[in-house]
Amino acid sequence: MARPATRAAGGAPALLSIGQVLARLTPEFPDLSSSKLRFLEERGLVSPSRTASGYRKFSSTDVERLRAVLAMQRDHYLPLKVIKKYFADVDAGLEPAFPGTAPAGSILSGSRRYRRDELLREASADAELLQEAISTSLIAASDVYGEEALTVLRALAELRRSGIEPRHLRGFRAAAEREIGLIETALVPIARRNDVSSKARTAELAREIAAQLDVVRGSIIRSSIARLRP
């Protein structure tokens, strides 16, 4: 649970510096850095106020927005363009569908983490299926699992009912490694830069490229399925 904001004189919530924001969020998002925060500001995901000296100051609302954005990236691998559009609709008073695999409420209130027994129960799967998924590198072994692992395990449970086992999907890992090679090659020009936000830009572009590869892959599969129809 997030700590309540400290209060300035007069009872108004105190604004936070970048260092204070990092102190609040890095326990949940260890890779977060000041350059990543500045990058998110550049992309319009958060708009901290500025002091007369130009220092950024974040409100509690800014911090919660950052928490939601980072969780959407971590647990759903969503590009910032998609996340920005989602929050723009929310801020406009609309009720957009959440652009991931879970309902909007779950991500905004903090992404859920699952112990092994909880994961199996939620996915309606058995320990054997989870172990096979781990051994075939479809799910990474862990003490706790996120929404992505739950989504994959649910899909594997459904596929098993059609006679498709995790071992039949080994080729998916090989294909994914080839796609990662394409992404890494595309990222070389940005990765060579020395500006403070290059790491954040590299990670974001990787997500955007991955999303476009998903579009192409999905189209190929749908076209192939169409040919199977009687």
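Each chain carries its own residue numbering, running from 1 in the written order of its sequence. Confidence filtering applies because this is a predicted model: local features only for residues at pLDDT of at least 70, side-chain atom pairs given and counted only at 80 or more, and all residues used for totals across whole chains, interfaces and linings. Only hydrogens and water are removed before side-chain values are computed, so all heavy atoms of the structure are retained for them.

Engineer: Got a minute to help me understand the pattern of salt bridges in this structure?
Structural biologist: Pairing between side chains becomes possible if they bear opposite charge and their charged atoms approach one another. Each salt bridge in this description consists of a side-chain nitrogen of Lys or Arg and a carboxyl oxygen of Asp or Glu lying within 4 Å of one another. Under the definition given, this model contains 17 salt bridges. Here E41 ties to R50 by a salt bridge, and the two come within 3.3 Å at their closest N and O atoms. Taken together, the shared-partner salt bridges in this structure form one network comprising D126, E132, R160 and E165.

Engineer: I keep staring at the nonpolar core and nothing clicks. Help me out?
Structural biologist: Soluble globular proteins tend to bury their nonpolar side chains together. Residues belong to a common nonpolar core when they are buried Ala, Val, Leu, Ile, Met, Phe, Trp, Tyr or Cys residues joined through side-chain atoms within 4.5 Å. Burial classes: relative accessible area under 20% of the type maximum marks a residue as buried, over 50% as exposed, and values in between as partly exposed (1.4 Å probe, protein chains only). The biggest cluster of nonpolar side chains holds 27 residues, and the ones touching the most others in it are V21, L25, L66 and I83. Contributing elements (two or more residues each) for this core: α1 (18-25), α2 (34-42), α3 (60-76) and α4 (80-91). A helix here means a DSSP run of H or I that spans at least four residues, while a strand means a run of E at least two residues long, and both kinds are numbered starting from the N terminus. Top contributing element to this core by residue count: α3, with seven residues. Here a residue-residue contact requires only that any non-hydrogen atoms of the pair lie within 4.5 Å. Apart from residues no more than four positions distant in its own chain, L66 is found in contact with V21, L25, L37, L40, V46 and F58. If you look at the next biggest cluster of nonpolar residues, it comprises 17 residues, including Y114, A125, Y145 and L153.

Engineer: I tried to follow the side chain of D89 on my own but got confused; where do I start?
Structural biologist: Looking at the secondary structure, you find D89 in helix α4. D89 gets classed as buried once you look at its relative accessible area, which sits at 16%. Two N or O atoms count as a polar contact when they lie within 3.5 Å, although within protein this holds only if one can serve as hydrogen donor and the other as acceptor, and sequence-adjacent residues are included solely when both atoms are side-chain atoms. A polar side-chain atom of D89 sits 2.7 Å from a polar atom in the side chain of K85. The contact partners of D89, leaving out residues within four places of it in the chain, are L94 and P96.

Engineer: Any chance you could explain the environment of L130 here in plain terms?
Structural biologist: With respect to the helices and strands, L130 occurs in helix α7 (residues 127-135). Considering only alpha carbons, one finds L130 and P166, 36 residues apart in sequence, at a separation of 9.2 Å. The residues contacting L130, other than those within four sequence positions of it, are R116, L119, L120, I139, Y145 and L153.

Engineer: When you look at the confidence of the model for the protein in this model, what are you seeing that I'm missing?
Structural biologist: Reading fine detail from the predicted coordinates is not recommended where pLDDT is low. What pLDDT reports is the predictor's confidence in each residue, on a scale of 0 through 100. Looking at the protein, the pLDDT average stands at 83 and 86% of residues meet or exceed 70. Scored below 50 in pLDDT, residues 101-110 makes 16 contacts in the model with residues more than four places away or belonging to other chains.

Engineer: Got a minute to help me understand the packing of aromatic side chains in this structure?
Structural biologist: To describe a pair of aromatic rings, you give the distance between the ring centres and the angle between the ring planes. Aromatic pairs are defined between Phe, Tyr and Trp rings, using the six-membered ring for Trp, whenever the two ring centres lie within 6.5 Å; interplanar angles under 30 degrees are classed as stacked, those over 60 as edge-to-face, and all others as tilted. What the rule picks out here adds up to two aromatic pairs. For the pair Y86 and F87, a centre-to-centre distance of 5.2 Å together with 70° between the ring planes defines the contact as edge-to-face. Exposure class is identical for Y86 and F87. Each is buried. Their ring planes at 90° and their centres at 5.7 Å tell us that Y86 and F98 sit as a pair that is edge-to-face. One end of the pair, Y86, is in helix α4; the other, F98, is in the loop between α4 and α5 (104-108), and twelve residues separate them in sequence.

Engineer: What is the right way to read unusual backbone geometry from this model?
Structural biologist: Residues apart from glycine generally show negative phi values, whereas peptide bonds are mostly found in trans. Backbone geometry at S124 places phi at a positive 55°, although glycine is not the residue there. Mapped onto the fold, S124 is located in the loop between α6 (116-123) and α7. Classification of S124 as exposed rests on a relative accessible area of 55%. Here the phi dihedral of S137 falls at roughly 65°; this positive angle occurs in a residue that is not glycine. Counting through the fold element by element, S137 comes out in the loop between α7 and β4 (144-145).

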